[in-house]
Amino acid sequence: MIVVTDNEFTSEDNEFKMGEVEYEMVELLRRLNINRPVALTLACLSKGEEISSQCIEMVSGLRQPEVSIAMRYLRENDWIDMREEKKNQGKGRPVKMYKLTVQMETIINAIEENVMAESKAVLQNIERLKNLS
């Protein structure tokens, strides 16, 4: 169950919530051209705790396919670990649990390197345009 209090979404199942810090993190990641599902998922994982995909969906407002796409991106960068946990009743699909395998600082450094490389390429294109005109 999700409870909304003071602009925070809280999952009663594992006491996870997104507060002002997480929402600011999402906004800053978005400004760095990180897509919305990845930004929200990173904010959910940023505390370093293991969290289920269902909890990420409920707390972030993402749909299951969006969480899956974000997780694929995070796995491709070797930033998360995933394990499956059987449900108590034993029926249905196992619950996927995710946890960061690196510190947020490492992820931020990787994002910084990408932004710097993109900026360098843009500046080179501008320089080339100046030379052509």
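Just so you know, these numbers come straight off a predicted model, no measurement behind them.

*Asks:* I'd like to hear about the nonpolar core, residue by residue, with values.
*Replies:* Counting 28 residues, the largest nonpolar core has M18, L42, L45, M71 and L74 as its most contacted members. When contributions to this core are tallied by element, the ones reaching two or more residues are β3 (16-18), α1 (20-31), α2 (36-45), α3 (53-60), α4 (64-76), β6 (95-100) and α5 (104-132).

*Asks:* Before we move on, could you go through the confidence of the model for the protein chain and cite the residues and values that matter?
*Replies:* Across the protein chain, pLDDT averages 88, with 87% of residues at or above 70. Here residues 1-13 scores under 50 on pLDDT; set against residues more than four positions off or in separate chains, the count is 31 contacts.

*Asks:* Help me get a handle on the side chain of S60, residues and values and all.
*Replies:* Mapped onto the secondary structure, S60 falls in helix α3. For S60, the side chain forms a polar contact with the main-chain oxygen of I56, separated by 2.5 Å. Side-chain polar atoms of S60 contact the backbone nitrogen of L62, separated by 3.2 Å. In this structure, S60 is in contact with M18, R36, L40 and C44, ignoring residues within four places of it in sequence.

*Asks:* Give a description of the sheet that holds strand β4 (residues 51-52) that names residues and reports values.
*Replies:* The strand order β4-β6-β5 describes an open sheet built from three strands, whose pairing is antiparallel. Only two strands of the sheet have a single neighbouring strand rather than two, namely β4 and β5 (80-85). Bridge analysis of β4 against β6 gives two bridges, and the strand direction is antiparallel. Looking at the pairing, I51 lines up with Y98 of β6.

*Asks:* Can you explain the side chain of S52? Please cite residues and give values.
*Replies:* By secondary structure assignment, the location of S52 is in strand β4. In this view, S52 contacts V95, K96 and M97; residues no more than four positions away in its chain are not counted.

*Asks:* How would you summarise a positive patch on the surface if you had to cite specific residues and measurements?
*Replies:* Where like charges cluster on the molecular surface, the positive patch consists of R72, R75, R93 and K96. Looking at where R93 falls in the secondary structure, it is placed in the loop between β5 and β6. Taking relative accessible area as the criterion, R93 reaches 73% and is therefore assigned exposed.

*Asks:* Which residues make up a nonpolar patch on the surface, and what values do they have?
*Replies:* Taken together, the side chains of V122, L123 and I126 present a nonpolar region at the surface, about 270 Å² in accessible area. Looking at the secondary structure, you find V122 in helix α5.

*Asks:* Kindly report on the packing of aromatic side chains, identifying the contributing residues and their values.
*Replies:* Overall, the coordinates contain one aromatic pair when judged by the stated rule. Ring plane angle 80 degrees and centroid distance 6.0 Å describe the contact between Y73 and W79, whose orientation is recorded as edge-to-face. Overall, the relative accessible area of 29% leaves Y73 in the partly exposed class. Looking at W79, the relative accessible area reads 7%, which means it is buried.

*Asks:* So, the pattern of salt bridges: which residues are in play, and what are the values?
*Replies:* This model, assessed by the stated rule, comprises seven salt bridges. Ionic pairing is found between R83 and E50, a salt bridge with its closest N-O pair at 2.7 Å. With R83 in strand β5 and E50 in the loop between α2 and β4, this pair connects stretches of sequence that are 33 residues apart. A salt bridge links E127 to K130, with the shortest nitrogen-to-oxygen separation between them at 4.0 Å.

*Asks:* I'd love a proper account of unusual backbone geometry, names of residues and values included.
*Replies:* Phi is positive for N33, which is not a glycine, with a value near 65 degrees. We note that D78 has phi near 55 degrees; this positive angle belongs to a residue other than glycine. Of note, D78 is situated in the loop between α4 and β5. Overall, the relative accessible area of 58% leaves D78 in the exposed class.

Rules and cut-offs
Residues numbered from 1 in each chain as written. Predicted model: local features only at pLDDT ≥ 70, side-chain atom pairs only at ≥ 80, totals over all residues. Heavy atoms only, no water. Core = buried A, V, L, I, M, F, W, Y, C linked by side-chain atoms within 4.5 Å. Buried < 20%, exposed > 50% of the residue type's maximum accessible area, 1.4 Å probe, protein only. Helix = DSSP H or I, 4+ residues; strand = E, 2+ residues; numbered from the N terminus. pLDDT = per-residue confidence, 0-100. Contact = heavy atoms within 4.5 Å. Polar contact = N/O pair within 3.5 Å; in protein donor to acceptor, adjacent residues only side chain to side chain. Pairing = 2+ DSSP bridges. Patch = residues over 30% accessible without salt bridge, like charges linked within 9 Å, V, L, I, M, F, W, Y side chains within 5 Å. Areas by Shrake-Rupley, 256 points an atom, 1.4 Å probe, with all protein chains shown as cover. Salt bridge = Lys/Arg side-chain N within 4 Å of Asp/Glu carboxyl O. Lys, Arg positive; Asp, Glu negative; His and termini not counted. Charge placed at Lys NZ, Arg CZ, Asp CG, Glu CD. Phe/Tyr/Trp six-rings, centres within 6.5 Å; stacked < 30°, edge-to-face > 60°.

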